[in-house]
Structures are given as C-alpha cells and as structure tokens.
Amino acid sequence: MRFRYTDIQNHQDPRNPFHRPYLIVRLLNGDRHKDVISLVDSGADVCLFHSDVGRMLGIEIEAARELAFQGVSGVREVAYLHRVDLVVRGLSSIRLDVGFTNSMAVGTGLL
C-alpha cells in the first residue's frame, strides 16, 4: 500500500516545503476511539502518542509500566506503555503496546 507524503511549511524557504510521511491512525480502547495524525518514523522503537490522546481514550496514563526513551535531542523522556488497538485506514487492526508521554517532541503521534 502506498501513502502520499504531506507538505509541511518551511519557514526558512517557503518555496521548498518539507515532505513528511504522516498517516491518520485510529486508536481504540474499549468503546472509545481517537483519530490521530502521526509521523511515520522508521527509526522509532515503539509507537508514541501524547498523553492527552490516552486520556481521551479513558486511559489512566501513569498506571502502567514506565519506558524511558530519548530522541535526537538526547534528552531523557518517559512514556507509559498501554495496550490499544491501532488501525491504519485500509488495513487491519493490530493490538500493540504504545507509549503515552507528556513530551512535546512527540506531537500527537509517532509511529
């Protein structure tokens, strides 16, 4: 399956936007769901979402196993792993552990 890249404004050179692989995924927890714009990061070890998304799904964020991670900044961050169902439009649902974090570096979602 192929997905189109999304153009993101380049403030330094507005004529040359950045091209990023964003997908809209649906996260499900019981009878609650939330559609989330997420960046596909081929180097990510785990899918990460902002804690606000987890709270919308009725998840008690800090009541789970803690996962320490760091991005390119080298700053240690914390996420809490919860099992949810994830759906990419046109594909089957998968059940997996994802991390929920308060880190602003994650945006809404990182796949």
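Right above here is the structure, for reference.
A quick note: this is a predicted structure, and the numbers were derived from the prediction, not measured.

Each value, and the rule that gives it
- Residues numbered from 1 in each chain as written.
- Predicted model: local features only at pLDDT ≥ 70, side-chain atom pairs only at ≥ 80, totals over all residues.
- Heavy atoms only, no water.
- Salt bridge = Lys/Arg side-chain N within 4 Å of Asp/Glu carboxyl O.
- Helix = DSSP H or I, 4+ residues; strand = E, 2+ residues; numbered from the N terminus.
- Buried < 20%, exposed > 50% of the residue type's maximum accessible area, 1.4 Å probe, protein only.
- Contact = heavy atoms within 4.5 Å.
- Polar contact = N/O pair within 3.5 Å; in protein donor to acceptor, adjacent residues only side chain to side chain.
- Pairing = 2+ DSSP bridges.
- Patch = residues over 30% accessible without salt bridge, like charges linked within 9 Å, V, L, I, M, F, W, Y side chains within 5 Å.
- Areas by Shrake-Rupley, 256 points an atom, 1.4 Å probe, with all protein chains shown as cover.
- Core = buried A, V, L, I, M, F, W, Y, C linked by side-chain atoms within 4.5 Å.

Visitor: What exactly am I supposed to notice about the pattern of salt bridges here?
Guide: Any two side chains of opposite charge can pair if their charged atoms end up close together. The full count for this structure, using the stated rule, is 6 salt bridges. Across the pair Arg55 and Asp52 runs a salt bridge whose closest N-O atoms are separated by 3.3 Å. Of the two residues, Arg55 and Asp52 are both situated in helix H1 (residues 51-56); the distance of 3 residues between them amounts to about one turn of the helix. The class for Arg55 is partly exposed, based on a relative accessible area of 39%. The partner of Arg55 in a salt bridge is Glu62, with the nearest N and O atoms 3.9 Å apart. Residue class for Glu62 comes out partly exposed when judged on its relative accessible area of 45%. Among the charged side chains, a salt-bridge network with shared partners connects Asp52, Arg55 and Glu62.

Visitor: Would you mind showing me how to read the environment of Arg26 here?
Guide: Its location among the elements puts Arg26 in strand S3 (residues 22-29). With 49 residues separating them along the chain, Arg26 and Val75 place their C-alpha atoms 28 Å apart. What Arg26 contacts, discounting residues up to four positions off in sequence, is His33, Lys34, Asp35, Asp85, Leu86 and Val87. A distance of 2.6 Å separates the side chain of Arg26 from the side chain of Asp35, its partner in a polar contact.

Visitor: Just to check I follow, could you spell out the pairing of strand S8 (residues 94-101) for this structure?
Guide: Looking at chain direction, strand S5 (residues 48-50) and S8 are connected through 3 bridges and run parallel. Bridging across to S8, Phe49 finds its partner in Phe100. Relative to S8, strand S7 (residues 76-88) runs antiparallel, the two sharing 8 bridges. Bridged to Leu86 within S8 is Ile94.

Visitor: Sorry if this is basic, but what is going on with a nonpolar patch on the surface here?
Guide: Taken together, the side chains of Met1, Phe3 and Leu91 present a nonpolar region at the surface, about 330 Å² in accessible area. Turning to its location among the elements, Leu91 is positioned in the loop between S7 and S8.

Visitor: I would appreciate a short explanation of the nonpolar core in the present structure.
Guide: Generally speaking, nonpolar side chains in soluble globular proteins are found buried as a group. Judged by nonpolar contacts, the single largest core of 18 residues is most densely connected at Val25, Leu27, Phe49, Leu86, Val98, Phe100 and Leu111. For this core, the secondary structure elements donating two or more residues are S3, S7 and S8. The biggest single contributor to this core is S7, with 4 residues. Setting aside residues up to four positions removed in sequence, Val25 forms contacts with Lys34, Asp35, Val36, Ser38, Phe49, Leu86, Val87, Val88 and Leu111. Ranked by size, the runner-up nonpolar core spans 5 residues in total, among them Leu48, Phe69, Ala79 and Leu110.

Visitor: Teacher, can you tell me more about the pairing of strand S4 (residues 32-39) here?
Guide: Side chains on a regular strand alternate between the two faces of the sheet. Bridge count for S3 against S4 is 8 bridges, and the pairing is antiparallel. Bridging across to S4, Val25 finds its partner in Val36. Remark: 2 residues form the turn of the hairpin made by S3 and S4, two consecutive strands paired antiparallel; Gly30 in that turn has positive phi of roughly 65°.

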